[in-house]
Amino acid sequence: MTDHEQLHRDGYVLLRRAIPAEWLAHLRAVFDDGVRPSDQWATPRSWDWRHSLLEGDARIQAVCRLPSLLAAAGEVIGERFFLAQVEGREPLAGGGHQQLHRDLSARRPGDTAIALAFFDDYGPENGATRLVPGSHRPGPHAPAFDFTDESRSVQLSGSAGDILVFDAELVHAASLNVNGARRRSILIGYFSEQLYASHRETAALRNIRMDTGERFEPCGVALASQRPGTLTPIIS
């Protein structure tokens, strides 16, 4: 099964060590420098997470444009899209647990792709993401999903430099950071170009100050085989 087929079947793909290892020290430092308390965000953030304002850093922006990541986002969205949002998130010790949920598409299933790029190793001990494979496209007669039922959920584990890419409709959640180990990541949102007007209306509420005018085309190439610099974005 190809990465493309897995992405459509399961609703996610995990790009192992997609971030060059030599970038990680800088990315961690940028994350730590950008941490802001809840009252410095336009919309208050939860108490049990660190949130980092880091979208202006060039290396952060480079992570968001890694060819394999853009290929996966484009495969989910299936049409011209843009980088809508990036912010740093880290569960604090004893915090971070979420109930299973969907982030939801805006107009149609698949118009929003989400990525989590991990700057530290992650697993059950420090709050790794849980998800329910295949839950992004329930059948027409499927019962409503019970978000309290964890029987089908799987918890990810992996290394710093991995990137999880998933459909916004996929049922998922963060988990409790049991041992307090660092689990820095950036949450990245990619939207269909059709959502640009509504995105602009709410950008200030999400502390988005970066230029979101760049456009990307779905490229249909192998998700795991690309190297930085091999995909040319379409600029408008």
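These remarks concern the structure in this document. (Residues numbered from 1 in each chain as written. Predicted model: local features only at pLDDT ≥ 70, side-chain atom pairs only at ≥ 80, totals over all residues. Heavy atoms only, no water.)

1. Digging into the nonpolar core
Judged by nonpolar contacts, the single largest core of 38 residues is most densely connected at Ile19, Val63, Ile163, Ile186, Ile188 and Tyr190. At the level of secondary structure, the elements contributing two or more residues to this core comprise strand E1 (12-15), helix H2 (24-34), helix H3 (58-64), helix H4 (67-77), strand E3 (81-91), strand E4 (112-118), strand E7 (163-167) and strand E9 (185-192). Broken down by element, the residue count for this core peaks at 6 residues, all from H4. If you look at the next biggest cluster of nonpolar residues, it comprises 13 residues, including Ile114, Tyr122, Ala128 and Leu170. (Core = buried A, V, L, I, M, F, W, Y, C linked by side-chain atoms within 4.5 Å. Buried < 20%, exposed > 50% of the residue type's maximum accessible area, 1.4 Å probe, protein only. Helix = DSSP H or I, 4+ residues; strand = E, 2+ residues; numbered from the N terminus.)

2. Focus: the environment of valine 63
Mapping valine 63 onto the fold places it in helix H3. For valine 63, a relative accessible area of 0% translates into the label buried. Put simply, valine 63 and proline 20 are 43 residues apart on the chain and 9.1 Å apart in space, counted from C-alpha to C-alpha. Not counting residues up to four positions away in its chain, the partners in contact with valine 63 are Ile19, Trp23, Leu27, Leu69, Ala117, Ile163 and Ile186. (Contact = heavy atoms within 4.5 Å.)

3. Some words on the layout of surface pockets
Here the largest pocket is characterised by a volume of approximately 690 Å³. For the lining of the largest pocket, the elements supplying multiple residues, two or more each, are strand E2 (49-52), E3, E4, strand E8 (172-173), E9 and helix H5 (196-202). Sorting elements by how many residues they give to the lining of the largest pocket places E9 first, with 5 residues. Taken as a whole, the second largest pocket encloses approximately 220 Å³ of empty space. Arg102, Gly134, Ser135, Pro138, Ala142, Pro143, Ala144, Phe145, Asp146, Asp149, Ser151 and Arg152 together form the lining of the second largest pocket. Each residue belonging to the lining of the second largest pocket can be placed in one class, and the counts come to 5 nonpolar, 3 polar and 4 charged. (1 Å grid on protein atoms, 1.4 Å probe; cavity = no way out; pocket = protein on both sides within 12 Å on 5 of 7 lines; lining within 4 Å. Points joined across faces, edges and corners; volume = space filled by probe spheres on them. Nonpolar A, V, L, I, M, F, W, Y, C, P; charged D, E, K, R; others polar.)

4. Regarding H2
If you check which residues of H2 are buried, you get Leu24, Leu27, Val30, Phe31 and Gly34. Along H2, the residues classed as buried sweep out an arc of 125° about the axis, all on the same side. For H2, the exposed residues lying more than 90 degrees away from the buried face are Ala25 and Asp33. Tucked inside the fold, the buried residues of H2 contact E2, H3, E3, E4 and E9. (Arc of directions from axis to C-beta.)

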